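Results of the structural survey
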Amino acid sequence: VFGIGIKGGGGALGISNTGTSHNTYIDTFMIGGLIYLYIFLAMIVITQHYLLKNYRLYNDNMSYGLFFSNFLFLINILLVNGSIYHPVISFIFWMSILYVINFKKMYLK
């Protein structure tokens, strides 16, 4: 239920003699259990929801591009463990979270 800690994602995080699942969702579950997996999935769903909402309501093309970039990232997570921790792979996802947070400040003054 609570996971086994960072050793659960050991294959991606450089800890020797640990197994890896080659799936970030499973590694997230192994690291933090159901709570961490739920928080991670909620963060993904909420971010994608607001990106799509910003596109539909305000015709924001940046939100549209980030939505589909994140969609490809979420498919990639199925096959690559540690994607969420790797800066090059997850950069667009983290930037889209910041974009959603600051959207109203930037465009709806």
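What counts, and where the lines are drawn
- Residues numbered from 1 in each chain as written.
- Predicted model: local features only at pLDDT ≥ 70, side-chain atom pairs only at ≥ 80, totals over all residues.
- Heavy atoms only, no water.
- Helix = DSSP H or I, 4+ residues; strand = E, 2+ residues; numbered from the N terminus.
- Expected span 1.5 Å × (residues − 1).
- Buried < 20%, exposed > 50% of the residue type's maximum accessible area, 1.4 Å probe, protein only.
- Arc of directions from axis to C-beta.
- Contact = heavy atoms within 4.5 Å.
- pLDDT = per-residue confidence, 0-100.
- Axes fitted to C-alpha atoms, helices over the stretch in contact; angles between N-to-C directions.
- Parallel < 35°, antiparallel > 145°, perpendicular 65-115°, else oblique.
- Left-handed = near helix turned anticlockwise from the far one by under 90°.
- Nonpolar A, V, L, I, M, F, W, Y, C, P; charged D, E, K, R; others polar.
- Phe/Tyr/Trp six-rings, centres within 6.5 Å; stacked < 30°, edge-to-face > 60°.
- Patch = residues over 30% accessible without salt bridge, like charges linked within 9 Å, V, L, I, M, F, W, Y side chains within 5 Å.
- Areas by Shrake-Rupley, 256 points an atom, 1.4 Å probe, with all protein chains shown as cover.
- Salt bridge = Lys/Arg side-chain N within 4 Å of Asp/Glu carboxyl O.

A few words on helix α3 (residues 61-77). A rise of 1.5 Å per residue sets the reference length of α3, with its 17 residues, at 24 Å; its end C-alpha atoms lie 24 Å apart and thus fit the reference within 8%. Among all positions in α3, only Ser63, Leu66, Phe67, Asn70, Phe73, Leu74 and Ile77 are buried. Axial view of α3: buried residues confined to an arc of 125°, hence all on one face. Seen from the open side of α3, the exposed residues pointing more than 90 degrees away from its buried face are Asn61 and Leu72. Close packing links the buried residues of α3 with α2 (24-58) and α4 (87-107).

Looking at the protein, the pLDDT average stands at 84 and 82% of residues meet or exceed 70. Predicted confidence in the protein is weakest over helix α1 (residues 10-13), with a mean pLDDT of 55, and strongest over α3, with 93.

The N-to-C vectors of α3 and α4 enclose an angle of 140°; their axes lie 9 Å apart at closest approach. In terms of axis orientation, α3 runs oblique to α4. In the packing of α3 onto α4, the handedness of the crossing is left-handed. Packed against α3, whose contacting residues are Met62, Ser63, Leu66, Ser69, Asn70, Phe73 and Asn76, the element α4 presents Ile89, Ser90, Ile92, Phe93, Ser96, Tyr99 and Phe103 at the interface. Considered class by class, the residues forming the contact of α3 with α4 number eight nonpolar, six polar and no charged.

This next bit is on the packing of aromatic side chains. Counted by the stated rule, this structure contains eight aromatic pairs. Between tyrosine 58 and phenylalanine 103, the ring centres sit 5.6 Å apart and the planes meet at 40°, which makes this aromatic pair tilted. You can see tyrosine 58 sitting in helix α2 and its partner phenylalanine 103 sitting in helix α4, a full 45 residues away along the chain. For tyrosine 58, a relative accessible area of 41% gives the class partly exposed.

Judged by side-chain polarity, Tyr64, Phe68, Phe71, Leu72, Ile75, Leu78 and Leu79 come together as a nonpolar surface patch covering roughly 710 Å² of accessible area. Tracing the sequence through the fold places phenylalanine 71 in helix α3.

Tracing the backbone shows leucine 52 in helix α2. Along the chain, leucine 52 and leucine 66 lie 14 residues apart, while their C-alpha atoms are 9.2 Å from each other.

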